[in-house]
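Per-entry structural report
Read off the chains here:
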Amino acid sequence: MRIVLMGPPGAGKGTQAALLENKYNLIHLSTGEILRKEIKEDSSLGHQAKTFMDKGQLVPDTLLLEMMERRLKNPDCDGGYLLDGFPRTIPQAEGLAVSLDKLDLSLDYAISLFADELELVYRLVLRGKNSGRSDDTPDVIRDRQRIYWEHTAPVLGFYRSKGLLKEIDGIGSIDEVFNRIVDVVEK
Ligand code: ADP
């Protein structure tokens, strides 16, 4: 199974991704995590990404597409994967479609978690107190949400038009939300 998991910052993608990974034996590929690791290792990619990430801005599409095309060719992806945080723009969604085509593969679902904006800011400010993430501060959170609506929300339309989009209410307990996802995936 190949799944794209989408949703505004704070919608609970990371939490649900971990549960899905477990249940369906998928590889969880979070571009945010991959980039944070690159920064920690002080790689050239990490260096290029850091200035954008600290400001809550998107890392340029070309960097993301190169990184992900390479990653998805890795044999550990053969059993299926869950993409978390990618694609985040229309060019990324188109680029992913081209990469998959080259491998003669396609996506099964694009799952979109939606939730009330205020609830999301509240969740993220709380997380920021524990996560130590440099981009979990109120100002940067607002910027990340604005960028989501501007650049990432259009990707929902892209997948809707392909019949892949499944929209799921992200408010509720972790288990409740997970069960909604499982229902959709197993239907
Ligand atoms: P969030 O909780 O906001 O979804 P992520 O961990 O997915 O956070 O991403 C953190 C940051 O990493 C983003 O704000 C952005 O700067 C960068 N990033 C991650 N994925 C992408 C992507 N697909 N395209 C561009 N930038 C990305």
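So, here is what we can say about the structure in this document. (Residues numbered from 1 in each chain as written. Predicted model: local features only at pLDDT ≥ 70, side-chain atom pairs only at ≥ 80, totals over all residues. Heavy atoms only, no water.)

**Some thoughts on the packing of aromatic side chains**
To keep things clear, this is the line we draw: In this analysis, rings of Phe, Tyr and Trp, with Trp reduced to its six-membered ring, are considered paired at centre separations within 6.5 Å, and the interplanar angle assigns stacked below 30 degrees, edge-to-face beyond 60, and tilted for intermediate values. Each residue is assigned to one of three classes by its accessible area relative to the maximum for its type, calculated with a 1.4 Å probe on protein chains only: buried under 20%, partly exposed between the two thresholds, exposed over 50%.
In the structure shown here, the tally under the stated rule is two aromatic pairs. With a centroid separation of 5.0 Å and 85 degrees between ring planes, the pair formed by Tyr148 and Trp149 is classed as edge-to-face. Given the relative accessible area of 5%, Tyr148 is considered buried. Since its relative accessible area comes to 44%, Trp149 is described here as partly exposed. Ring centres 5.1 Å apart and planes at 85 degrees place the aromatic pair Phe158 and Tyr159 in the edge-to-face group. In this structure, Phe158 and Tyr159 share a single accessibility class: buried.

**Examining the sheet that holds strand E5 (residues 165-169)**
Sheet strands pair by backbone hydrogen bonding; their relative direction is either parallel or antiparallel. What counts is decided by this rule: Pairing between two strands is assigned when DSSP locates at least 2 bridges connecting them. Secondary structure elements are taken from DSSP: a helix is a run of H or I of four residues or more, a strand is a run of E of two residues or more, and numbering for both begins at the N terminus. Here an axis means a line fitted to C-alpha atoms, over the contact stretch when the element is a helix, while the angle between two N-to-C directions is reported on a 0 to 180 degree scale. Only heavy atoms enter the contact rule, under which two residues are in contact if any of them lie within 4.5 Å.
With parallel pairing, the five strands of this open sheet are ordered in space as E2-E3-E1-E4-E5. Since the sheet does not close on itself, it has two edges, and those belong to strand E2 (27-30) and E5, each with one partner. Across the sheet, the mean angle from the axis of one strand to that of its neighbour is 20 degrees, orientation sign disregarded. Strand direction decides the pairing type here: strand E4 (residues 109-114) and E5, joined by five bridges, are parallel. Bridging from a neighbouring strand, Phe114 pairs with Asp169 of E5. The sheet contacts of helix H1 (residues 13-24) involve strand E1 (2-6), E2, strand E3 (81-84) and E4, and relative to E3 the element is tilted by about 175 degrees. Each of E1, E4 and E5 touches helix H7 (residues 138-161); the most contacted strand, E1, lies at about 145 degrees to it.

**Quick look at the site of the ligand**
Using the following cut-off: Consider each residue's heavy atoms; a residue with any of them within 4 Å of a molecule or strand counts as near. Here a polar contact is recorded for every N or O atom pair within 3.5 Å, except that within protein the pair must consist of a potential hydrogen donor and a potential acceptor, and residues adjacent in sequence are included only if both atoms are side-chain atoms. The Shrake-Rupley method, run with a 1.4 Å probe, gives the accessible areas here. Residue values count only the displayed protein chains as cover. Residues were grouped as follows: Ala, Val, Leu, Ile, Met, Phe, Trp, Tyr, Cys and Pro as nonpolar; Asp, Glu, Lys and Arg as charged; and all remaining residues, including Gly, as polar.
If you check the shell around the ligand, you find 19 residues, and the closest are Thr31, Gln57, Gly85, Gln92 and Arg144. With respect to the ligand, the side chain of Lys13 contributes an N or O atom lying 3.0 Å from an oxygen atom. Summarising the interface, the protein chains cover 96% of the accessible area of the ligand, which totals 550 Å² for the free molecule. At four residues, helix H2 (residues 31-40) tops the list of elements feeding residues into the shell around the ligand. For the shell around the ligand, the per-class residue count stands at seven nonpolar, five polar and seven charged.

**Overview of unusual backbone geometry**
A cis amide bond, omega -5 degrees, links Phe86 with the succeeding residue Pro87. Examined against the element boundaries, Pro87 turns out to sit in the loop between E3 and helix H5 (90-102). If you check the backbone angles, Asn25 has positive phi at about 55 degrees while not being a glycine. Among the structural elements, Asn25 can be located in the loop between H1 and E2. The phi angle at Asp42 is positive, at roughly 60 degrees, despite the residue not being glycine. Along the chain, Asp42 turns up in the loop between H2 and helix H3 (44-54). Taking relative accessible area as the criterion, Asp42 reaches 57% and is therefore assigned exposed.

**Observations concerning the nonpolar core**
As a reminder, the rule being used: In this text, buried Ala, Val, Leu, Ile, Met, Phe, Trp, Tyr and Cys residues form a nonpolar core when linked through side-chain atoms within 4.5 Å.
Of all hydrophobic cores here, the largest spans 30 residues; its most connected members are Val4, Leu83, Leu96 and Tyr159. Only E1, H3, helix H4 (61-73), E3, H5 and H7 provide two or more residues apiece to this core. When residues in this core are grouped by element, the largest group, six residues, is from H7. Ignoring sequence-local partners within four residues, the contact set of Leu96 consists of Val4, Leu65, Leu72, Leu83, Phe86, Pro87, Leu107 and Tyr159. Counting residues in hydrophobic clusters, the runner-up holds 20 residues, among them Leu113, Val177, Phe178 and Val184.

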